[in-house]
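Each chain, written out:
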Amino acid sequence: MTLILSTIAELRAQNAQWRSRGETLALVPTMGALHQGHLELVRQAKAEATRVIVSIFVNPTQFSAHEDLSKYPRPFEADLGHLRATEVDAVFTPSVVEMYGASFCTTIQVEGPAKVGLEDRFRPDHFAGVATVVAKLLLQSKPDCAVFGEKDYQQLAVIRQMVKDLDIGADIVGVPTLRETDGLAMSSRNIYLSAQERQIAPEIYQTLLSCSQNLQEKSPNHALAKARTHLETAGFKLDYLELRDASTLRQVSDPSQPARLLFAGRLGTTRLIDNIKV
Ligand code: PAF
């Protein structure tokens, strides 16, 4: 049975009951509009702990002024159907008032991987909002681990840093991006692509792969310039295509260190992101 918990008190009481029986807990934070990529996070969470809680909370503090919070999809019944089918133990669905009471006035200030000129260049207050809500969710549910997708790679790096800096004590588990058969990263935004844009969209992953290959043979500047031109010619309006250190997300200074190739750009009005390990 999947329990629906809407208050922090209910969540804490349920967790106390599970803990008293020696169970372990995994949290999967989401904003709903679930797709197969989210369900993959749930599957990973099930492998990590005996009980899995999925939170569904459309967090207003991570939306920028130009992003329309009211238009964010909220297909709650469909989400619940997916979570019941995957036998999630509890869904935590707090209201905005439950999460941010009228007197709320604390925000986590994030630096390091949150300020590297990638997503933060286009969504300046986004990661402070993400870090604050994720810290709240972790402190409310006190899980052994929390599971996030690698698709939002900068978000994952920011959360890892925040959990380490604040000694929150939950393991942060990153799950590789789930892809459509043509390589397009699964995302709730893919439904906004027109039929023609949907045909072009797999170019992102194909270009990341060929750029990664070119990095073995050519200078980073040359390989990146070629990939950027290719994507622009295919019809993308690029926000960035960058090679970065896999943990700090700074410019790569030592080519022997693990690196990540990160993309963000628009196809028509839809903004897509993706990244791969290099
Ligand atoms: O990745 C998301 O869906 C959100 O940013 C998260 C981590 C649930 C915080 O609101």
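Refer to the structure presented above.
Remember, predicted model here, so these are calculated numbers, not experimental data.

1. Here's the deal with the packing of helix 9 (residues 203-217) against helix 10 (residues 220-234)
In the contact formed by helix 9 and helix 10, the axes pass within 9 Å of each other and the chain directions differ by 160 degrees. As far as their axial angle goes, helix 10 and helix 9 are roughly antiparallel. Crossing geometry of helix 9 relative to helix 10 is assigned as right-handed. On helix 10, the residues touching Glu203, Ile204, Thr207, Cys211, Asn214 and Leu215 of helix 9 are Pro220, Ala223, Leu224, Lys226, Ala227, His230, Leu231 and Ala234.

2. Thoughts on the site of the ligand
Every residue close to the ligand is listed here: Pro29, Thr30, Met31, Asn59, Gln62, Val133, Val134, Phe148 and Gln155. Taking Gln155, its side chain carries an N or O atom lying 2.7 Å from an oxygen atom of the ligand. Summarising the interface, the protein chains cover 88% of the accessible area of the ligand, which totals 290 Å² for the free molecule. Among the elements of the structure, strand 2 (25-30) and helix 6 (126-141) are those that each provide at least two residues to the shell around the ligand.

3. Focus: the side chain of Ser212
Of note, Ser212 is situated in helix 9. Excluding its chain neighbours within four sequence positions, the residues that come into contact with Ser212 are Leu261, Ile276 and Val278.

4. Focus on the sheet that holds strand 1 (residues 3-5)
Spatially, six strands are ordered 1-4-3-2-5-6 in an open sheet, and the strand pairing comes out parallel. Two strands bound the open sheet, and with one partner strand each, they are strand 1 and strand 6 (171-175). Along the sheet, successive strands turn relative to each other by an average axial angle of 25 degrees, direction set aside. Direction of pairing for strand 2 relative to strand 3 (residues 51-56): parallel, over a ladder of six bridges. The residue bridging Leu27 from the neighbouring strand is Ile53, located in strand 3. Each of strand 1, strand 3 and strand 4 (90-92) is contacted by helix 3 (residues 76-85), which is oriented at about 170 degrees to strand 3, the strand it contacts most. Relative to the sheet, helix 6 contacts strand 2, strand 3, strand 4 and strand 5 (145-149), its axis offset from that of strand 2 by approximately 150 degrees.

5. Notes on the packing of helix 1 (residues 8-20) against helix 6
Interhelical geometry of helix 1 versus helix 6 gives an angle of 45 degrees and a closest axis separation of 9 Å. The orientation of helix 1 with respect to helix 6, classified from their angle, is oblique. Facing Ile8, Leu11, Arg12 and Asn15 of helix 1, the residues of helix 6 in contact are Leu139, Gln140 and Ser141. Among the residues making up the contact of helix 1 with helix 6, the classes are represented as three nonpolar, three polar and one charged.

6. Description of the packing of aromatic side chains
Geometrically, a pair of aromatic rings is defined through the distance of the ring centres and the angle of the planes. Scanning the entire structure with this criterion turns up five aromatic pairs. Ring centres 6.1 Å apart and planes at 45 degrees place the aromatic pair Phe57 and Tyr100 in the tilted group. With a gap of 43 residues between them, Phe57 in the loop between strand 3 and helix 3 and Tyr100 in the loop between helix 4 (96-99) and helix 5 (119-122) connect regions that are remote in the sequence. Overall, Phe57 belongs to the buried group, its relative accessible area being 5%. A centroid spacing of 4.8 Å and a plane angle of 80 degrees characterise the contact between Tyr100 and Phe104, whose relative ring orientation is edge-to-face.

Calculation criteria
- Residues numbered from 1 in each chain as written.
- Predicted model: local features only at pLDDT ≥ 70, side-chain atom pairs only at ≥ 80, totals over all residues.
- Heavy atoms only, no water.
- Axes fitted to C-alpha atoms, helices over the stretch in contact; angles between N-to-C directions.
- Helix = DSSP H or I, 4+ residues; strand = E, 2+ residues; numbered from the N terminus.
- Parallel < 35°, antiparallel > 145°, perpendicular 65-115°, else oblique.
- Left-handed = near helix turned anticlockwise from the far one by under 90°.
- Contact = heavy atoms within 4.5 Å.
- Near = heavy atom within 4 Å.
- Polar contact = N/O pair within 3.5 Å; in protein donor to acceptor, adjacent residues only side chain to side chain.
- Areas by Shrake-Rupley, 256 points an atom, 1.4 Å probe, with all protein chains shown as cover.
- Pairing = 2+ DSSP bridges.
- Nonpolar A, V, L, I, M, F, W, Y, C, P; charged D, E, K, R; others polar.
- Phe/Tyr/Trp six-rings, centres within 6.5 Å; stacked < 30°, edge-to-face > 60°.
- Buried < 20%, exposed > 50% of the residue type's maximum accessible area, 1.4 Å probe, protein only.

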